[in-house]
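Overview (structure and organization)
Listed below are the residues making up each chain.
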Amino acid sequence: MPALWRVLFLLPLLFSTLVAAVFQEYRTGQPVQPRTAPEQTQPQPTQPVRQTPQRPAAPQTAQPQPAAPGLFGFGGRFLVRASIGGVLHERSITVRSNPDAGAQAIYCQPGGDEIGTTEVGVVKSFSCSSDELLLRPQIGIGYQWPGEGHFLTLDFYTLDEVQETLLQFHYTLPEHTLNESIPFLKLALGVSHTDSEGLSPTALSWGVGLGAYNWLQEGRRWRLEYGLDYTQREWLPINHSYGEESWSDREWHLYLGTAWRF
């Protein structure tokens, strides 16, 4: 009997709950979901943030300084130079007589020894040579390429009534420096003239040489130059009443000089 009383007691409570749910569904039109325990949400795993590797900054390099403008933008330096040297001068003289000139005495050169006499109607050739040891001062200007580069010079000298202008190209060899001496090879072209007693033939010369220079200070401004040159010179013929005279010169030139580069 007690169990029956408990069932009878619980029936009204169960009926009231069912009626309340049906009444709520009728009013809202939404089914009533039974209450459940709240779900435990799982934390979502987070994606690791990918770090972009930073490139190392490029090293700062010193910007090269622009070279001096120099001649036509080559960046070299100009030169002023002077030298003194000894010259062994050899001249060969040839005279070809005029058959219509008559009999005349022929001399090796003005003030020289007699080398023959012309004859009427006969073409004759006379020759002689002379050797002299002379002292030759020389001045010039020039231009040198950057560093110990090649250099050009325009030089002038006067010697025994002969004036000559020389254009010279010096090919430097800094890779063969010996005891701080920088060697060079030389090529030269020259134009000459003479003013001996109304005879003014012109001449062309060409030559080769070798030499070296040494800097006299750390700033590489002053330097000492020295070398040995060989020159061949051919003069235009000189016309005389008795015939045609030709000169041919050979020279050895040993010199010592200085130059200022700026």
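Relevant structure appears above.
Residues numbered from 1 in each chain as written. Predicted model: local features only at pLDDT ≥ 70, side-chain atom pairs only at ≥ 80, totals over all residues. Heavy atoms only, no water.

On to the packing of aromatic side chains, then. Overall, the coordinates contain 10 aromatic pairs when judged by the stated rule. Ring geometry for F151 versus Y213: centroids 6.1 Å apart, planes at 75°, classification edge-to-face. Here F151 is found in strand β5 (residues 151-159), whereas its partner Y213 is found in strand β8 (residues 202-215), with 62 residues between them in sequence. Among the residues examined, Y213 registers a relative accessible area of 0% and is labelled buried. Connected via pairs of aromatic rings, a cluster forms that spans F78, Y143, W145 and F262. Sitting above the plane of the F151 ring, R223 keeps its charged end 4.8 Å from the centroid. (Phe/Tyr/Trp six-rings, centres within 6.5 Å; stacked < 30°, edge-to-face > 60°. Helix = DSSP H or I, 4+ residues; strand = E, 2+ residues; numbered from the N terminus. Buried < 20%, exposed > 50% of the residue type's maximum accessible area, 1.4 Å probe, protein only. Lys NZ or Arg CZ within 6 Å of the ring centre and 35° of its normal.)

Here the focus is the pattern of salt bridges. The tally for this structure, following the rule as stated, stands at 12 salt bridges. Between R91 and D249 there is a salt bridge, with the nearest N and O atoms lying 2.8 Å from each other. With R91 in strand β1 (residues 77-97) and D249 in strand β11 (residues 243-261), the pair connects residues that are 158 residues apart, well separated along the chain. A salt bridge links E164 to R233; the nearest nitrogen and oxygen atoms lie 2.9 Å apart. Of this pair, E164 sits in strand β6 (residues 162-172) while R233 is found in strand β9 (residues 222-235), placing the two residues 69 residues apart along the sequence. Through salt bridges that share partners, R91, R136, E164, R233, D249 and E251 make up one connected network. (Salt bridge = Lys/Arg side-chain N within 4 Å of Asp/Glu carboxyl O.)

In this section: the nonpolar core. Among the nonpolar cores identified, the biggest contains 12 residues, and these are I93, V95, I106, C108, F126, C128, V162, A203, W235, I238, Y242 and W247. Among the elements of the structure, β1 and β4 (125-144) are those that each provide at least two residues to this core. Setting aside anything within four residues of it in sequence, one finds A203 in contact with G190, V191, S192, R233, E234 and W235. Counting seven residues, the second largest nonpolar core, distinct from the first, contains L79, Y213, W215 and Y255. (Core = buried A, V, L, I, M, F, W, Y, C linked by side-chain atoms within 4.5 Å. Contact = heavy atoms within 4.5 Å.)

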